[in-house]
Amino acid sequence: MTKQKPHTIDDTKGTWTYKVKKSSTEAAADTESAAAVEKGQDEPDFTTLPAVNSMKKGKSLRKINIVWKAILVSGISAIVVGTVIGFILFRMFVQVDAPASAGNPSQGTAPVAQPEKEEADSGIVTRSLDSLESYIIQAGIFSEKENADSLIANLTSLGISTVFFEKDGQYYLMAGVGPTEDAVKSLAASLSNNQAELYVKEWGTEAREIEMTEAEDGWLTEFQGFFTEQLQQVDLNQPIADEEITALVNQAPEGAEEIAELVTSLTEMMGEPSSYQLLNWMKVYNEL
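Residues numbered from 1 in each chain as written. Predicted model: local features only at pLDDT ≥ 70, side-chain atom pairs only at ≥ 80, totals over all residues. Heavy atoms only, no water.

Q: Just checking my understanding: could you explain the overall build of the protein for this structure?
A: Counting its secondary structure elements, the protein contains 9 helices and 8 strands. Classification of the 288 residues of the protein by burial places 26% in the buried group. By sequence separation, contacts in the protein at least 24 residues apart represent 72% of the contacts at least 6 residues apart. Accessible area for the protein stands at about 19700 Å²; split by element, carbon and sulfur atoms hold 55% of it. (Helix = DSSP H or I, 4+ residues; strand = E, 2+ residues; numbered from the N terminus. Buried < 20%, exposed > 50% of the residue type's maximum accessible area, 1.4 Å probe, protein only. Contact = heavy atoms within 4.5 Å. Areas by Shrake-Rupley, 256 points an atom, 1.4 Å probe, with all protein chains shown as cover.)

Q: So what exactly am I meant to see when it comes to the packing of aromatic side chains here?
A: Describing an aromatic ring pair means giving the distance of the ring centres and the angle of the ring planes. Per the counting criterion, the structure on display carries 7 aromatic pairs. Plain terms: the ring middles of Phe-223 and Tyr-285 are 5.9 Å apart, the flat faces sit at 25° to each other, and that makes the pair stacked. With Phe-223 in helix H6 (residues 214-230) and Tyr-285 in helix H9 (residues 274-286), this pair connects stretches of sequence that are 62 residues apart. Like Phe-223, the residue Tyr-285 is buried in the burial classification. A connected cluster of aromatic rings, assembled from ring pairs, spans Trp-219, Phe-223, Phe-227 and Tyr-285. The ring of Trp-203 has Lys-167 sitting right over it, with the charged end atom 4.8 Å from the ring centre. (Phe/Tyr/Trp six-rings, centres within 6.5 Å; stacked < 30°, edge-to-face > 60°. Lys NZ or Arg CZ within 6 Å of the ring centre and 35° of its normal.)

Q: Before we go on, may I ask you to explain the packing of H6 against helix H7 (residues 242-250) in this structure?
A: Where H6 meets H7, the axes come as close as 10 Å, and the angle between the chain directions of the two elements is 165°. When the interaxial angle is binned, H6 and H7 end up roughly antiparallel. Regarding H6 and H7, the two cross each other, and that crossing is left-handed. Together, Trp-219, Glu-222, Phe-223, Phe-226 and Gln-230 of H6 and Glu-244, Ile-245 and Leu-248 of H7 make up the contact between the two elements. Looking at the contact of H6 with H7, its residues break down into 5 nonpolar, 1 polar and 2 charged. (Axes fitted to C-alpha atoms, helices over the stretch in contact; angles between N-to-C directions. Parallel < 35°, antiparallel > 145°, perpendicular 65-115°, else oblique. Left-handed = near helix turned anticlockwise from the far one by under 90°. Nonpolar A, V, L, I, M, F, W, Y, C, P; charged D, E, K, R; others polar.)

Q: Could you clarify how one ought to interpret a nonpolar patch on the surface in this entry?
A: Residues Leu-72, Ile-76, Val-80, Val-81, Val-84, Ile-85, Phe-87, Ile-88, Leu-89 and Met-92 make up a contiguous nonpolar surface patch of about 920 Å² in total accessible area. Looking at the secondary structure, you find Val-84 in helix H2 (residues 49-102). The exposure class of Val-84 is partly exposed, given its relative accessible area of 44%. (Patch = residues over 30% accessible without salt bridge, like charges linked within 9 Å, V, L, I, M, F, W, Y side chains within 5 Å. Salt bridge = Lys/Arg side-chain N within 4 Å of Asp/Glu carboxyl O.)

Q: Can you walk me through unusual backbone geometry in this structure?
A: Backbone phi values are negative for most residues with the exception of glycine, while trans is the configuration of most peptide bonds. Even without being glycine, Asp-168 reaches a positive phi, approximately 55°. Mapped onto the fold, Asp-168 is located in the loop between strand S5 (163-167) and strand S6 (170-178). Asp-168 gets classed as exposed once you look at its relative accessible area, which sits at 70%.

Q: Explanation requested: the confidence of the model for the protein in the structure shown.
A: Close reading of the predicted structure is inappropriate where its pLDDT is low. Taken over all residues, the pLDDT of the protein has a mean of 77, while the share at 70 or more is 67%. Between residues 31-44, whose pLDDT stays under 50, and residues either more than four places distant or in other chains, the model counts 0 contacts. (pLDDT = per-residue confidence, 0-100.)

Q: Would you mind going over helix H8 (residues 260-268) with me for this structure?
A: Each α-helix winds once per 3.6 residues, and so residues spaced three or four apart point in a common direction. Listed as buried for H8 are Leu-262, Val-263, Ser-265 and Leu-266. Projected down its long axis, H8 carries its buried residues within an arc of 160°, all on one side. Structural note: H8 exposes Glu-261 and Glu-268 on the side pointing more than 90 degrees away from its buried face. Next to the buried residues of H8 lie H6, H7 and H9. (Arc of directions from axis to C-beta.)

Q: Would you mind showing me how to read the side chain of Ser-265 here?
A: Counting through the fold element by element, Ser-265 comes out in helix H8. Judged by its relative accessible area of 8%, Ser-265 falls in the buried class. Residues contacting Ser-265, with those up to four places away along its chain left out, are Asn-280, Trp-281 and Val-284.

So, in structure tokens, the structure goes:
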């Protein structure tokens, strides 16, 4: 409540002091006014609090959203990277395990392909080419083929056919073969009629290894037996029967490249004296 100050009046007779007493209505109004002033001073203003709280709440929500977005992106990235790495490792293990499982009958179907590969590879064999042995008629030895031209011409005029064998850088001019030394000496005498110098010596083709098919290898074994048998001919001036040669030729496998030249030579020599036939076949066999 506000205290009422006394009023002072001055006049000629002196100074008068008095108090003005307000009515009850005015006093109540003053009291309410004072209370309103005190209340306005004591109570804080909360009108701005909702806005502040709303701003703080918005910032918190944004922070939470950012955190969840980071977690989501990290999770997706981890899944993608893990999937890619897993696929690469799977392919690597499949490639590594495939050859190993091929040799293990208990794993998968790989063993089915393995026998097929082995069967295909088994068609090619390395064959030891055995030497064909005989006694041979030698007409001369030359360092150059051309040096034998005059001798070949002379022998041809006598009806003696010849074949060159190359060995150790030398060219051997041969005129026939036979099973024994005596048989070949007798043959040489009949061929030259004492008009040419012919020598008899042991001779053999070069033994070595070559690659061929199993079918060619089988036929070559047949040829070796055929050669040895025909070498025992009583009359080396007589040809080997065409039927026997044809029977051997018909046994040759189709498309046989390694023995093709020998098969051709068998047919070309039909009708020639057996000593000359066998001599040519020895030469071709030596060059396989």
